[in-house]
Amino acid sequence: MSQNKDKRITFRVSPEEHQIITTKASTAQMTVGTYVRAAVLKHKIIRVEGLKEIVHEMKAIGRNLNQLTTLANMGQVDVVDLSRLTEQMNGIYEQINALISMEKH
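Reading the values: the criteria
Residues numbered from 1 in each chain as written. Predicted model: local features only at pLDDT ≥ 70, side-chain atom pairs only at ≥ 80, totals over all residues. Heavy atoms only, no water. Buried < 20%, exposed > 50% of the residue type's maximum accessible area, 1.4 Å probe, protein only. Helix = DSSP H or I, 4+ residues; strand = E, 2+ residues; numbered from the N terminus. Expected span 1.5 Å × (residues − 1). Patch = residues over 30% accessible without salt bridge, like charges linked within 9 Å, V, L, I, M, F, W, Y side chains within 5 Å. Areas by Shrake-Rupley, 256 points an atom, 1.4 Å probe, with all protein chains shown as cover. Salt bridge = Lys/Arg side-chain N within 4 Å of Asp/Glu carboxyl O.

A. Structural detail: unusual backbone geometry. Even without glycine at this site, Q29 takes up a positive phi of about 55°. Among the residues examined, Q29 registers a relative accessible area of 75% and is labelled exposed.

Here it is, written out as structure tokens:
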């Protein structure tokens, strides 16, 4: 049975995104509208509260690691103790796992 599709949703995409979407729709032998509806309606989107703070922390660690890498490439640093970095990353991993398990319940 055919549904009356009288509502319209319009959104903007970059030329690259447009090409990707049209290519994927074509590969799936679907119209763009059918492809986008299938992609949107058949996938569950999960929002994890608290993830923003964790991402911020990971970015700070990444900046510090990039600075160390730059100094090492310049020959200004020979040996770096990364045990604290490892501890921080393990802590972040545990936080992410806790957030994910909270979302599942």
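B. Just helix α3 (residues 51-73), in detail. The terminal C-alpha atoms of α3 lie 32 Å apart, and with 23 residues this matches the ideal 33 Å at 1.5 Å per residue to within 8%. Of the residues one or two after α3, G75 is the one with positive phi, at around 80°.

C. Inspection of a nonpolar patch on the surface at higher detail. Judged by side-chain polarity, I9, F11 and V13 come together as a nonpolar surface patch covering roughly 330 Å² of accessible area. Here F11 is to be found in the segment before α1 (15-27).

D. Spatial organisation of the environment of V55. Structurally, V55 can be placed in helix α3. C-alpha of V55 to C-alpha of S101: the two residues are 46 residues apart in sequence and 18 Å apart in space.

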